Protein chains: 2
Amino acid sequence: MTIENISCNKAFDGWHKQYTHQSTVLNCAMRFAVYLPPQASSKNPVPVMYWLSGLTCTDENFMQKGGALAAAAELGIAIVAPDTSPRGENVPDDEKQAYDLGLGAGFYVNATQAPWNKHYQMYDYVVDELPRLIEAHFPVNSQRVISGHSMGGHGALVIALRNPELYRSVTAFSPISNPINCAWGKKAFSAYLGEGADVWKQYDASELMRKTTARIPAMVEQGSSDDFLEEQLKPQALLKAAKVSNYPLTFNMADGYDHSYYFISAFIEKHLHFHALNLGLIKAQ
Amino acid sequence: MTIENISCNKAFDGWHKQYTHQSTVLNCAMRFAVYLPPQASSKNPVPVMYWLSGLTCTDENFMQKGGALAAAAELGIAIVAPDTSPRGENVPDDEKQAYDLGLGAGFYVNATQAPWNKHYQMYDYVVDELPRLIEAHFPVNSQRVISGHSMGGHGALVIALRNPELYRSVTAFSPISNPINCAWGKKAFSAYLGEGADVWKQYDASELMRKTTARIPAMVEQGSSDDFLEEQLKPQALLKAAKVSNYPLTFNMADGYDHSYYFISAFIEKHLHFHALNLGLIKAQ
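Bear in mind the structure is a predicted one, so any value in this text is a computation, not a measurement.

## Details of the overall build of chain A
Alright, step 1. On a plain count of helices and strands, chain A comes out with nine helices and nine strands.
Alright, step 2. Taking the principal axes of the C-alpha coordinates as reference, chain A spans close to 50 × 45 × 35 Å.
Alright, step 3. Residue burial in chain A is summarised as follows: out of 285 residues, 63% are buried.
Alright, step 4. Counting only contacts in chain A whose residues sit at least 6 apart along the sequence, the fraction spanning at least 24 positions is 72%.
Alright, step 5. With the model as given, the accessible surface of chain A reaches about 11,000 Å², and the carbon-plus-sulfur share is 47%.
Alright, step 6. Charged side chains in chain A number 23 positive and 28 negative. The centres of these two groups are separated by 6 Å.

## So, the relation of the copies chain A and chain B
Alright, step 1. Rotating chain A by 180° and translating it 0.0 Å along the rotation axis places it on chain B, where the RMSD comes to 0.0 Å. The operation mapping one copy onto its partner corresponds to a two-fold rotation axis. Within chain A, A:K65 has its C-alpha nearest the rotation axis, a separation of 2.5 Å.
Alright, step 2. A high fraction, 100%, of the interface residues of chain A reappear at the interface in chain B, so the copies pair face to face through one surface.

## Here we look at the packing of aromatic side chains
The description of two aromatic rings rests on the distance between their centres and on the angle between their planes.
Residues and elements named next belong to chain A.
Alright, step 1. Taken as a whole and assessed by the stated rule, the structure comprises 36 aromatic pairs over all chains.
Alright, step 2. Look at F107 and F189: their rings are 6.3 Å apart centre to centre, the planes differ by 80°, and that puts the pair in the edge-to-face class. With F107 in the loop between β5 (78-82) and α3 (122-137) and F189 in helix α5 (residues 183-193), the pair connects residues that are 82 residues apart, well separated along the chain. Pair check on accessibility: F107 and F189 agree, each one buried.
Alright, step 3. Clustering of aromatic rings is evident, with ring pairs tying together W51, F62, F173, Y257, F263 and F267.
Alright, step 4. Geometry around Y123 places R162 over its ring, the cationic atom sitting 4.3 Å from the centre.

## Description of the pattern of salt bridges
Alright, step 1. By the definition in use, this model includes 18 salt bridges over all chains.
Alright, step 2. For A:R31, the salt bridge is made with A:D59, and the minimal N-O distance between the two is 2.7 Å. You can see A:R31 sitting in strand β3 (residues 28-36) and its partner A:D59 sitting in the loop between β4 (46-52) and α1 (60-65), a full 28 residues away along the chain.
Alright, step 3. Between B:K270 and B:E221 there is a salt bridge, and its shortest N-O distance comes to 2.9 Å. Here B:K270, found in helix α9 (residues 261-278), pairs with B:E221, found in strand β8 (residues 218-223); they are 49 residues apart in sequence, far enough to count as distant.

## Quick word on the sheet that holds strand β7 (residues 170-173) of chain A
Residues and elements named next belong to chain A.
Alright, step 1. Within the open sheet, the nine strands sit side by side as β1-β2-β3-β5-β4-β6-β7-β8-β9. Their pairing is mixed. Only two strands of the sheet have a single neighbouring strand rather than two, namely β1 (3-11) and β9 (249-254). Here the strands of the sheet are splayed against their neighbours by 20° on average, with no regard to which way each runs.
Alright, step 2. Taken together, the four bridges between strand β6 (residues 140-149) and β7 define a ladder with parallel strand orientation. From the neighbouring strand, I146 faces β7, where its bridge partner is V170.
Alright, step 3. Sheet contacts for α3: β1, β2 (14-23), β3, β4, β5 and β6; angle to β6, the most-contacted strand, approximately 140°.
Alright, step 4. Where helix α9 (residues 261-278) meets the sheet, its contacts fall on β4, β6, β7, β8 (218-223) and β9, and the angle it forms with β7 comes to roughly 170°.

## Section: the packing of helix α3 (residues 122-137) of chain B against helix α4 (residues 151-162) of chain B
Residues and elements named next belong to chain B.
Alright, step 1. Where α3 meets α4, the axes come as close as 11 Å, and the angle between the chain directions of the two elements is 60°. Here α4 runs oblique to α3, going by the angle between their axes. Read as a crossing pair, α3 and α4 show a hand that is right-handed. Here Y123, V126 and V127 of α3 lie close against α4, whose contacting residues are V158, I159 and R162.
Alright, step 2. Each residue belonging to the contact of α3 with α4 can be placed in one class, and the counts come to five nonpolar, no polar and one charged.

## Focus on the pairing of β8(A)
All names here are of chain A.
Alright, step 1. Burial within β8 is extensive, with six of its six residues counted as buried.
Alright, step 2. Residues A218, V220 and Q222 of β8 are buried on one face, and the alternating residues M219, E221 and G223, pointing to the opposite face, are buried as well.
Alright, step 3. Here β7 pairs with β8 via four bridges, running parallel. Considered in β8, the bridge of A172 is made with V220.
Alright, step 4. With six bridges connecting them, β8 and β9 associate as parallel partners. Along β9, the bridge assignment pairs V220 with F251.

What counts, and where the lines are drawn
Within each chain, residues carry numbers counting from 1 in the order of the written sequence. In the order they appear in the text, chains get letters beginning with A and ligands get numbers beginning with 1. Local features in a predicted model are, by the rule used here, given only for residues with pLDDT of at least 70; side-chain atom pairs are given and counted only at 80 or more, and totals for whole chains, interfaces and linings are based on all residues. Water and hydrogen atoms were dropped before computing side-chain values, which therefore reflect all heavy atoms in the structure. Strands here are runs of E lasting at least two residues and helices are runs of H or I lasting at least four, both read from the DSSP assignment and numbered beginning at the N terminus. Think of it in three bands: with a 1.4 Å probe and only protein chains considered, a residue is buried below 20% of the maximum accessible area for its type, exposed above 50%, and partly exposed in between. Only heavy atoms matter for contacts: two residues are in contact if any of them lie within 4.5 Å across the pair. Calculation of accessible area relied on Shrake-Rupley with a 1.4 Å probe; when residues are assessed, cover is drawn exclusively from the protein chains displayed. His is not counted, nor are the chain ends, whereas Lys and Arg count as positive and Asp and Glu as negative. Taken as the charge location is NZ of Lys, CZ of Arg, CG of Asp or CD of Glu. All copies are superposed by least squares; the fitting set is the C-alpha atoms of residues with a pLDDT of at least 70 in both. Under the pairing criterion, centres of Phe, Tyr and Trp rings, with the six-membered ring standing for Trp, must be within 6.5 Å; the plane angle then separates stacked pairs below 30 degrees from edge-to-face pairs above 60, leaving the rest tilted. Both a distance and an angle decide whether a charge sits over a ring: NZ of Lys or CZ of Arg must be within 6 Å of the ring centre and within 35 degrees of the ring normal. Just to be clear on terms, a salt bridge is a Lys or Arg side-chain nitrogen sitting within 4 Å of an Asp or Glu carboxyl oxygen. By definition, two strands form a pair when at least two bridges between them are found by DSSP. A fitted line through C-alpha atoms represents every axis, and for helices the fit uses only the stretch in contact; the resulting angles, taken between N-to-C directions, go from 0 to 180 degrees. An angle counts as roughly parallel when it lies under 35 degrees, as roughly antiparallel when it exceeds 145, as roughly perpendicular when it falls between 65 and 115, and as oblique in every other case. The handedness criterion is simple: a crossing whose near helix is rotated anticlockwise from the far helix by less than a right angle is left-handed, and one whose near helix is rotated clockwise is right-handed. Here the term charged refers only to Asp, Glu, Lys and Arg, the term nonpolar to Ala, Val, Leu, Ile, Met, Phe, Trp, Tyr, Cys and Pro, and the term polar to all other amino acids, Gly among them.

Here's what the structure looks like:
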């Protein structure tokens, strides 16, 4: 469990840092980014928000473009951003190097099918290996919240709904809410999990939310002008599921916003406050 | 003076947009970005902050990574970010494609030497052509402020000091403060302006500030852990010049910060407030 620091930038009196490490579950070298707010110290460990990015992203997109660091520094929340897939020369990619399968498109599942299953175990990486690494090396406590965008919004919702004991709250920006019924999800799940496998439903936020008895507070932000809204994201499936199970889901339709980081940056402060409230860092006003 | 819209993203209730246009002074097609805050309308034109980026950047870096849009939206200031050099297949680049000469490195001067002089006229583009275009096409007034980073901090200071009637205030992040005495400046000025030309001093913020009688409020932010501080940026030359001319320069040394956009994002709100104060949008507290 050694990690190697490769970059370091002061920001809002805290520190943004990137590290590499050898991942056991992914069977390759991985890079992640961490933001440590100024409050974080060995005497004052802080909670962590795990951020899962969308298709084509790395650990860098959210840290550079998300506009989250000011609020994280103010509230005293660390942020950890993993990569979106295993990486490296030995890791298989899609034959056509498609943006929505293989490198940059791990979909936060544990692949069962060759050639993917040797490396594409992003679910276990995010739920288990990465937090253990973070909690061993940084001044953080074991209080976790999770958030993400698009493919990463799907990942955040699925991971929180399947592990309600590990997360205090979950939020998502434009999540792929019902992957078993959209092209992105069908393509990735077919490749990683096999055709029509029962396991698909274990990675579908709407399926999970409809049946869960868990009650982790959840908030979803969706832009009304998002090009992927109808075909890929399908938030109505999630809303329907929340209604069935009476799930505490706050859903915000943001008029005129699209799928970009400009949208995320405009609402990330609200999401960090939502997490801070559920972490007990601030009180409801 | 036609412009073509190529992208549009809602952000903080305002709009980030990119446009292309045929530049007369640069003799090529150019792209620029504009952020219009929610207050901007034909009945309520808003002031503009021109942002000049550093080496290797385009119109995108500041808009995506600067973290400026929240404060711009709150204060009612439009932001315009041009590219950092002329662009296109017909525009000459450095033979070795160096990052500090040619494409991405226009240094905001009017080149006099071949092969640069046909296109590299960034000073006239920023001072004259671009503002005329902006004021003709967008709901802005003629009140301008200017800011920039590194090579763009140099550009902002030089342009404001040479055109005190056009700008209400100027700020710079880690500016190249004395280009006639650093490697970046000597290389670029030799190529664009010729060896040892008298005109060099007309593009040197320290030379200009030492002799000016202008009194545009100026603020400079510098990270103390900036790798380029001693060799390239030389803020002490600017401080010495300000002392000689008794110039109203506020200089902030930010302990531990580097040359990156993480640094800029941590202080851009303060700079926008400085501009807003000088634009009369807010009052001193």
